[in-house]
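# Summary of the model geometry
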Amino acid sequence: MSTPLLKVDNLTVGFPSKSGLVSAVTDVSFELFPGEVLSVVGESGSGKSVTALAIMRLHPRSAQITGSVQFDGRDLLTIDDDEMRAIRGRDVAMIFQDPMTALNPVFSVGAQIVEAIRVHNDVSKQAAQKRAIDLLDLVGVPEPRRRASQFPHEYSGGMRQRAMIAMAISNDPKLLIADEPTTALDVTVQAQVMEVLHDVQKATGTAIMLITHDLGLVAGSADRVQVMYASRLMETGSIDEIFYESRNPYTQALIDSIPDLDGNKEDLASIPGNPPSLLNPPSGCPFRPRCSMAVERCAEATPELIHIANSHASRCHRADDMASAAAGTPS
Amino acid sequence: MLAYIIRRLLVTIPLLMIALYLVHVGVSTTTDPRSTFILCLPLCQDGYDQITEVYNLDQSVWIRPFSWFGSAIRGDFGESNSIGGPVGEILWERGKNTAMIAIPAFVIGSIVALLLAVYSARHQYTFGDYFFTGLAFFGFAFPSFVMALLLQNIFGVQFENWFGVKPFNTGRKTGENFFELVRDVTLPVTSLMILGIAADSRFGRSSMLETLNQDYIRTARAKGLPERTIVWKHALRNALIPLVTLWALNLSALLGGAVVTESIFSWPGLGPAFLTALAKPDLDLLLGFVMLTGTIVVVFNLIADIMYGILDPRIRFD
Amino acid sequence: MADLGNQPSGSDGPDSSIAVMLAAADDLEGLSDKPKTFGRLAFERFIHHKLAIVGAAGLMLIIAAFFIGPILSDFEVDDYDVLNRLAGPTKAHWFGTDEIGRDLFVRTAEGGQLSIRIGFVAAGLATAFGTVMGAVAGYFGKAVDAIISQVINLILVVPALIVLSVFALKFGSTWWKLAMVLAALLWTRIARIVRGVVLSLKEQEFVMAARAAGASHRRIIFRHILPNVIGVIAVEITLLVGTVIVLESTLSFLGLGVKPPETSLGLLVADAKGNIDNDPLRVLTPGIMIVLIVLCVNFLGDGLRDALDPRSKSERG
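All residue numbers here refer to positions counted from 1 along the written sequence of the relevant chain. Chain letters and ligand numbers both follow the written order, the letters beginning at A and the numbers at 1. Reporting in this predicted model follows two pLDDT cut-offs: at least 70 for local features of residues, and 80 or more for side-chain atom pairs to be given and counted; totals over whole chains, interfaces and linings ignore these cut-offs and use all residues.

### Here's the deal with the overall build of chain B
Put simply, the test is: In this text, helices come from DSSP runs of H or I with a minimum length of four residues, and strands from runs of E with a minimum of two, each type numbered from the N-terminal end. Burial in this document is a count-based property: other C-beta atoms within 10 Å of a residue's C-beta are tallied, and the residue is buried at 20 or more, exposed at 12 or fewer, or partly exposed in between, with C-beta positions derived from the backbone. Contacts are defined on C-beta atoms placed from the backbone: any two residues whose C-beta positions lie within 7 Å are in contact.
When helices and strands are counted, chain B shows 13 helices and zero strands. Of the regular secondary structure in chain B, the N- to C-terminal order runs α-α-α-α-α-α-α-α-α-α-α-α-α. Across the 318 residues in chain B, those meeting the buried criterion constitute 40%. Counting only contacts in chain B whose residues sit at least 6 apart along the sequence, the fraction spanning at least 24 positions is 75%.

### Some thoughts on the overall build of chain A
Put simply, the rule reads: Each radius of gyration reported is based on C-alpha atoms, and the globular scaling rule is 2.2 Å times the count of residues to the power 0.38.
Across its full length, chain A carries 13 helices and 12 strands. A globule of 331 residues ought to have a C-alpha radius of gyration of about 20 Å, and chain A, at 21 Å, matches this closely. Each of the three principal axes of chain A carries a C-alpha extent, and together these read 65 × 50 × 45 Å. Evaluated residue by residue, chain A yields a buried proportion of 50% over its 331 residues.

### Looking at the sheet that holds strand β2 (residues 20-32) of chain A
Residue and element names in this part refer to chain A. Applicable threshold: Paired strands, in this sense, are two strands between which DSSP finds at least two bridges. Under this scheme, a helix contributes an axis fitted over its contacting stretch, all axes are lines through C-alpha atoms, and angles between N-to-C directions fall in the 0 to 180 degree range.
The sheet built from four strands is open, its strands ordered β2-β1-β4-β5 with antiparallel pairing. What marks the edges here is a single partner per strand, and that holds for β2 and β5 (74-75). With seven bridges joining them, strand β1 (residues 6-17) and strand β4 (residues 64-71) adopt antiparallel strand pairing. Its bridge partner lying in β4, Gly14 is registered against Gln64. Of the strands in this sheet, β1, β2 and β4 are in contact with helix α1 (residues 48-56), which crosses β2 at around 75°.

### Considering the sheet that holds strand β3 (residues 37-41) of chain A
Paired through their backbone hydrogen bonds, the strands of a sheet run either parallel or antiparallel. All names here are of chain A. Taken in spatial order, the eight strands make up an open sheet running β6-β7-β8-β3-β9-β10-β12-β11, and their pairing is mixed. Taken across any chain shown, the strands that pair with only one partner, and hence form the sheet edges, are β6 (92-95) and β11 (305-309). Adjacent strand axes in the sheet meet at a mean angle of 20°, parallel and antiparallel pairs treated alike. Across four bridges, the pairing between β6 and strand β7 (residues 175-179) is parallel. Residue pairing across strands places Ile95 opposite Ala178, the latter belonging to β7. Packing against the sheet, α1 makes contact with β3, β6, β7, β8 (207-212) and β9 (224-229), and its axis sits at approximately 145° to β7.

### Examining the environment of C:Leu186
As for its position among the elements, C:Leu186 is in helix α7 (residues 175-203). In this structure C:Leu186 comes out as buried when scored by C-beta crowding, with 24 C-beta atoms within 10 Å.

### What about the nonpolar core?
Where we set the bar: Working definition: the nonpolar core is a set of buried Ala, Val, Leu, Ile, Met, Phe, Trp, Tyr and Cys residues, joined through C-beta atoms within 7 Å.
Ranked by internal contacts, the top residues of the largest apolar core, which has 152 residues, are B:Phe289, C:Leu164, C:Leu182, C:Val244 and C:Val294. Other than its neighbours up to four places away in sequence, C:Leu164 contacts C:Val181, C:Leu182, C:Leu185, C:Leu247 and C:Leu251. Grouped together as the second largest cluster of nonpolar side chains are 94 residues, A:Val13, A:Ala166, A:Ala168 and A:Val200 included.

### Thoughts on the interface of chain C and chain B
Stated formally: When residues are sorted by character, Ala, Val, Leu, Ile, Met, Phe, Trp, Tyr, Cys and Pro go into the nonpolar class, Asp, Glu, Lys and Arg into the charged class, and all the rest, Gly among them, into the polar class.
Facing the 33 residues of chain C at the interface are 38 residues of chain B. Secondary-structure elements contributing two or more residues to the side of chain C that touches chain B are α5 (142-155), α6 (160-171), α9 (217-253), α10 (265-273) and α11 (280-308) of chain C. Across the side of chain C that touches chain B, the residue classes break down as 21 nonpolar, seven polar and five charged.

### Concerning unusual backbone geometry
A negative phi angle characterises most non-glycine residues, just as the trans form characterises most peptide bonds. Its identity as a non-glycine residue notwithstanding, A:Ser231 has a phi of 75°, on the positive side. Here A:Ser231 is to be found in the loop between β9 and β10 (232-238). One non-glycine residue, B:Ser266, lies in the positive phi region at around 55°. You can see B:Ser266 is positioned in the loop between α10 (227-264) and α11 (270-279). With 14 C-beta atoms packed within 10 Å, B:Ser266 lands in the partly exposed category.

### Looking at the packing of α10(B) against α11(B)
Residue and element names in this part refer to chain B. We count it as follows: What sets the label is the angle itself: under 35 degrees gives roughly parallel, over 145 gives roughly antiparallel, 65 to 115 gives roughly perpendicular, and the rest give oblique.
Two elements in contact, α10 and α11, have axes whose closest approach is 7 Å; the angle formed by their N-to-C orientations is 95°. It follows that α10 is roughly perpendicular to α11 by the angle criterion. Packed against α10, whose contacting residues are Ala258, Val259, Glu262 and Ser263, the element α11 presents Leu270, Gly271, Pro272, Phe274 and Leu275 at the interface. Across the contact of α10 with α11, the residue classes tally to six nonpolar, two polar and one charged.

### A look at α10(B)
Residues and elements named next belong to chain B. Heads up, the rule is: By this rule the span expected of a helix is its residue count minus one, scaled by 1.5 Å. Note on bend: at a given residue it equals the angle between the axes fitted to the 7 residues ending there and to the 7 starting there.
Over its 38 residues, α10 extends only 45 Å from the first C-alpha to the last, a length that falls short of the 56 Å expected when each residue adds 1.5 Å. Leu236 marks the point of greatest bend in α10, at about 45°. Where α10 terminates, the next one or two residues include Ser266, which has phi positive at roughly 55°.

### Some points on the confidence of the model for chain A
For clarity, the cut-off: A residue's pLDDT is the predictor's confidence in that residue, given on a scale from 0 to 100.
For chain A, per-residue confidence averages 87 on the pLDDT scale, and residues scoring 70 or more make up 95% of the total. Scored below 50 in pLDDT, residues 326-331 of chain A shows 10 contacts in the model against residues more than four places distant or in partner chains.

### Here's the deal with the packing of helix α3 (residues 50-72) of chain C against helix α4 (residues 104-140) of chain C
Residues and elements named next belong to chain C. Convention followed: Two helices crossing with the near one rotated counterclockwise from the far one by less than a right angle form a left-handed crossing, whereas a clockwise rotation gives a right-handed crossing.
Where α3 contacts α4, the axes come no closer than 8 Å and their chain directions differ by 130°. Relative to α4, the element α3 is oriented oblique. Relative to α4, α3 is oriented so that their crossing is left-handed. Facing Ile63, Ala65, Phe66, Phe67, Gly69 and Pro70 of α3, the residues of α4 in contact are Phe105, Val106, Ala109, Glu110, Gly112, Gln113 and Ile116. For the contact of α3 with α4, the per-class residue count stands at nine nonpolar, three polar and one charged.

### Some thoughts on helix α1 (residues 2-30) of chain B
Given a rise of 1.5 Å per residue, 29 residues ought to cover 42 Å, and the 41 Å separating the end C-alpha atoms of α1(B) matches this to within 8%. Structurally, α1(B) contributes buried residues whose contacts are with α4 (64-73) and α12 (283-311) of chain B together with α5 and α6 of chain C.

### Some thoughts on the confidence of the model for chain B
Residue and element names in this part refer to chain B. Averaged over all residues, the pLDDT of chain B is 82; the fraction at 70 or higher stands at 92%. Taken element by element, the predicted model of chain B shows its lowest mean pLDDT in helix α2 (residues 35-38) (70) and its highest in helix α9 (residues 215-222) (94). For the stretch residues 166-175, pLDDT sits under 50, and the model shows nine contacts to residues farther than four places along the chain or on other chains.

### Comments concerning the pairing of β1(A)
Residue and element names in this part refer to chain A. As paired elements, β1 and β2 share nine bridges and run antiparallel to each other. Note on β2: the bridge partner recorded for Gly14 is Ser23. Counting the residues between successive antiparallel strands, the hairpin from β1 to β2 contains two residues.

### Quick word on the environment of C:Ile162
Take C:Ile162: it is sitting in helix α6. Exposure remark for C:Ile162: the 25 C-beta atoms within 10 Å place this residue in the buried category. The spatial distance from the C-alpha of C:Ile162 to the C-alpha of C:Leu251 is 9.7 Å, given a sequence separation of 89 residues. Those residues within four positions of C:Ile162 in sequence are excluded, and the remaining contacts are B:Gly256, B:Val259, B:Phe274, B:Val290 and B:Thr293.

### Looking at the environment of C:Glu99
If you trace the backbone, C:Glu99 turns up in the loop between α3 and α4. The sequence separation of C:Glu99 and C:Asp271 amounts to 172 residues, and the corresponding C-alpha distance is 8.9 Å.

What follows is the structure, given as structure tokens:
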């Protein structure tokens, strides 16, 4: 195995509230390798976005963070502000969910890309402008020269997201974090934007951390997947391992809830119950109250993340039991 | 951009004309220069008739504005019967003095308010923030005349050697000494500024706070921009947009406040002239004054609109 | 495609999910069977707003002092005692006396009463008229809105004080007439705000949903739009009281507002102005009264804003 580009160890992020500490991310550890696409999947409130923000150190000031985030030989959580600023936008870049509001409405798109370039590189304005136009072309924005001097409100949603991607890769980052990049877009546009990400990844070899709640998106683009629930990492593995050999009831339930388009007309499967309160999490495994496979042990102790094979690991007391049962394949 | 400006002009000019028309009617209905003559009729019939003629008082109130406009275009704003002399000249001379305190009050006030707003927004919930919040509340609560009297008393009597109160019966100190001028205007300017600073800094603070919470600020941080650039370039440009509309209101309040402040500090500006004209009543001067302030406010609103277009590209395109 | 997200698309993303988490955590505290009504929640928020309580208490104290004070004093408003003129504060005359020996405490209280009365009456009238105009303009839009908006623009062309000066002189001979003149100018501010609120509410989906369900205009206005407007109005009316008091006292100070034999705080300041060098306290007392009243009213307004519209970013957490 090559050395990981990003190594997160025991990351915990808590937010103080009037009633106590809300743990948004609890004891999350994972690795990300150069050039790979790692997808982080989970419901709203699972902690996936907070993890990303913590890595970029873009979290709210009130957050309490422990653990380490090793990137390129440094712990991003301990370096000083100036060092972190040099890394942001250059070595690690991030694109966000809502392209409507993610671009500053009073500056032209081209100017914002130029800014991203010039803050990390000592180049002339003309050189940066040329590169900005090239980037817009790379991500598929038509008439890039004209479009560069336009304002965000003159772009469509899909184009804006492409522009965001262009801005993010402008300094050839080693890691691109994409936080729900297609959630706010129409379905057809979603596919286009994912293709742009795919092309960019092929062209530049950048590693991508794709955060999403859409399993379908994952199946088409990721190398590895990790599933989060209620601030914890529940399962991680390759695409095949997760989709076909899942050893975690939560993951399995998610896969099962994918509507079956060409099967019989059954009821839509859903997971009964609601995600737990992060202020007073249930004892033991966070998924226990909703888990069809729960036993007594699940309430007593939080399961550890058990290594199963290769890149496959699961946090479940009954992971072994699931191997013996025939793992269902989504049809 | 030019199209936008032209569009705004086309809307503003008719508005100004209608406003001035209504102002004229309003003033004419509420004042009657012949009021003192009524008592002595029929003895002073000549004087009565003379005034009637000069002010076209036999014409309907609705027609008189046109004669006023007719003369105004030729530069004739009538004669003042309280201060004496052509109204145009009085407005100009007095106007310069008022500008001397109103413009610094506006400019300095706006800048100070902006700095306070940025500071408060960035240091929310700190002692400094609460302190300035408290000051702003006080600024709102002080009527300008109380503030002016307070300043005058503190700096006049109590600090005799610092700022004497300068009565301006015969004009300013001769010699146009700049330093003396600054001494003269400091108090009036300060008392005028307070309300504007209070209002602008509160509004600016909440505008800044809202702006700093926007997604594009997070994007700017993700790009690795230094905090300084984020606050003063990305955030401020956006936070200023709603603030511009406040500036037009500020000027309107300033012009009103000048009336009070000038009379307290005996500053020979438009304010005391207005009060004198009101008392007599000096119809021509009154009309001239009210028309002038109305025009200034409308023009300033137009400038604010244009600035709005400059600051916010989204507006320009509808 | 499996879609786990129960998060609405658009806007804040991760920051809003953090906010949801924290809000859920806070709500857990008072978990009871019955959900609290809007009124109860608002009341609780108001009580917790320290400044608002200070403002409310202060205001009640001041009003009590103004209305009850003179009853406790031995002097009437007009009692004069020329031999005792221009005296400083003494045991008999708590605030001293004026040029013809009238007791200043009683006069200040009288003036305060009038200022407050004008404040509330004018604010009330302006709010009533302004709300109707604003709501009509906002709800029915198009031509009606255009006409009302232009009228408002025209009224606001000349600075407030100047317009008031001209009209108060002619029409404002008694205190309630003065209040009406003030209201005639100030309704425009409320109208603008109400119009804005109604406009934005009109576009919101719950109104469209009501229309789709077949609700009449009247039902929509009264059941859906008005409750949301009331919050804004309550805030604005308190702020308006402060504005009226400041304007009225300024006018009275200039001699254009309340006139003798009636007295107001502004007029008292004017009376005292002549002797300011020797007796600054006499000027300051009614002046500070004005400041205190307006401060209390503004604190109240701030608390109301916090209580009725928690979404707006309030200065105090």
